[in-house]
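If you want the building blocks of each chain, they are given just below.
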Amino acid sequence: QFDWSTEYAWVGGLRRRLEVAHTKLCGSRAFWLVAYPSQSHEMLFDAHWHAFRVFGGVPSRGIYDNMKTAVDRVGRGKERQINMRFLAMTNHYVYEPDFCNPAAGWEKGQVEKNVRDSRHQMLQGMPGFPDLAALNAWLEQRCQDLWRETAHGTRAGTIADVWVEEQAALMPLPVAFDGFIELSKRVSPTCLISFDRNRYSVAAKAVRRAVQVRAYADRIVVRMGDEVIADHPRFFGRDRTIYDPWHYLPVLVNKPGALRNGAPFQGWDLPPALARLRRKLGSDDDADRRFVRVLAAVLSDGLDAVEGAVREALDAGAVSDEVVLNILSRRREPP
């Protein structure tokens, strides 16, 4: 049985509204909670994967209310027009979705009771957390602790004891469903796409072109045809611009001065060897041009090769872009 509840928690120093997914096995009464910023499709898919992963398999039937992410239209009796993305998930895990009658929450009474119980067992009075990942890690541990502490009620032993028996009856766990929602966007002249009130950078070659944005519960993936041109952790605030400086490398080759002043390059966390080279070269205009020459080699030789060449040059005591490029040239065309 599956249900959502709306709760509040202190995350990152702020009291935030969260949507908590509750999943419960009817036999053993093992339950699972995970929190998200919303009840959207990608959160629903992610919640199912984590529940099945922890339960150690997939049940043959799932009982739901008529939530909008699962049911497009409610017909007479049990007639439902199921949402195509939700149906794709149930087909992937090969289980049968069953929907309650409207306003008949008692038809999934176990998970409804779990929502009430979890508030005083876990959610009320819980500590603050630095981020959502830390909160969900705490919920994971707390759920498993309660399995071991709570008597099953109708069978001998705890929930954890009965779950071990029920796990043998679950279907094997397949690979995770590719749970995303996809939108088409056009890249701006500054290599950005907008999604959910935030902006994310993409590779410079996609400027002014149409791309496909795939939103997952925890990341944003941007594709141009079959090529992935951006992969960012998802940000759930608003009016934030998330940069990947490597997306702007072709622009930097033509405008080395942007290395110090350009927004994408502020606080750039360079690989260790490149960071050492940057410090040793200095911070004047000539040093910027020389460092950008080394960075430009990433476009042709790859980051690993460039970092290796920089490391070799620094170990030899040579703080020079020419030495690094010479090492790369020798590796491309050995004598």
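Residues numbered from 1 in each chain as written. Predicted model: local features only at pLDDT ≥ 70, side-chain atom pairs only at ≥ 80, totals over all residues. Heavy atoms only, no water.

Draft legend 1. Just the nonpolar core, in detail. In this structure, Leu252, Leu274, Phe291, Leu295, Val306 and Val310 are the most contacted members of the largest nonpolar core, which totals 30 residues. Mapped by element, the contributors of at least two residues to this core are helix H6 (249–254), helix H8 (272–281), helix H9 (285–301), helix H10 (303–315) and helix H11 (321–332). Per-element tally for this core: the top contributor is H9, with seven residues. What leucine 252 contacts, discounting residues up to four positions off in sequence, is Ala258, Leu259, Phe265, Trp268, Val292 and Leu295. Of all hydrophobic cores here, the second largest spans 27 residues; its members include Leu123, Phe129, Leu139 and Cys143. (Core = buried A, V, L, I, M, F, W, Y, C linked by side-chain atoms within 4.5 Å. Buried < 20%, exposed > 50% of the residue type's maximum accessible area, 1.4 Å probe, protein only. Helix = DSSP H or I, 4+ residues; strand = E, 2+ residues; numbered from the N terminus. Contact = heavy atoms within 4.5 Å.)

Draft legend 2. Broad picture of helix H2 (residues 84–93). Every buried residue of H2 is accounted for by Phe86, Met89, Thr90 and Tyr93. Angular distribution of buried residues about the axis of H2 spans 95°; they occupy a single face of the element. Of the residues in H2, the exposed ones pointing more than 90 degrees away from the buried face are Met84 and Asn91. The opening residue of H2, the one whose side-chain oxygen lies 3.0 Å from the backbone nitrogen of arginine 85, is asparagine 83. The first or second residue beyond H2 is valine 94, which carries a positive phi of 60°. (Arc of directions from axis to C-beta. Polar contact = N/O pair within 3.5 Å; in protein donor to acceptor, adjacent residues only side chain to side chain.)

Draft legend 3. View of the sheet that holds strand S13 (residues 227–233). Across the sheet, four strands lie side by side as S8-S11-S12-S13; this open sheet has antiparallel pairing. Either end of the sheet is taken by a strand with one partner, and the two such strands are strand S8 (181–186) and S13. Pairs of neighbouring strands in the sheet enclose a mean axial angle of 25°, with direction left out of account. Sheet analysis places S8 next to strand S11 (residues 210–215), joined by six bridges and oriented antiparallel. (Pairing = 2+ DSSP bridges. Axes fitted to C-alpha atoms, helices over the stretch in contact; angles between N-to-C directions.)

Draft legend 4. Inspection of the pattern of salt bridges at higher detail. Under the criterion given, the structure shown has 28 salt bridges. The closest approach of N and O atoms between glutamate 227 and lysine 205, which form a salt bridge, is 2.5 Å. One end of the pair, glutamate 227, is in strand S13; the other, lysine 205, is in the loop between strand S10 (198–201) and S11, and 22 residues separate them in sequence. Across the pair arginine 260 and aspartate 285 runs a salt bridge, and its minimum N-O distance is 2.2 Å. Within this pair, whereas arginine 260 is found in helix H7 (residues 258–261), its partner aspartate 285 is found in helix H9, the two being separated by 25 residues in sequence. (Salt bridge = Lys/Arg side-chain N within 4 Å of Asp/Glu carboxyl O.)

Draft legend 5. Unusual backbone geometry, seen in detail. Backbone geometry places cysteine 191, a non-glycine residue, at a positive phi of 65°. Tracing the backbone through its elements, the reader meets cysteine 191 in the loop between S8 and strand S9 (192–195). Phi is positive for aspartate 239, which is not a glycine, with a value near 60°. Checked against the element boundaries, aspartate 239 lands in the loop between S13 and strand S14 (241–242).

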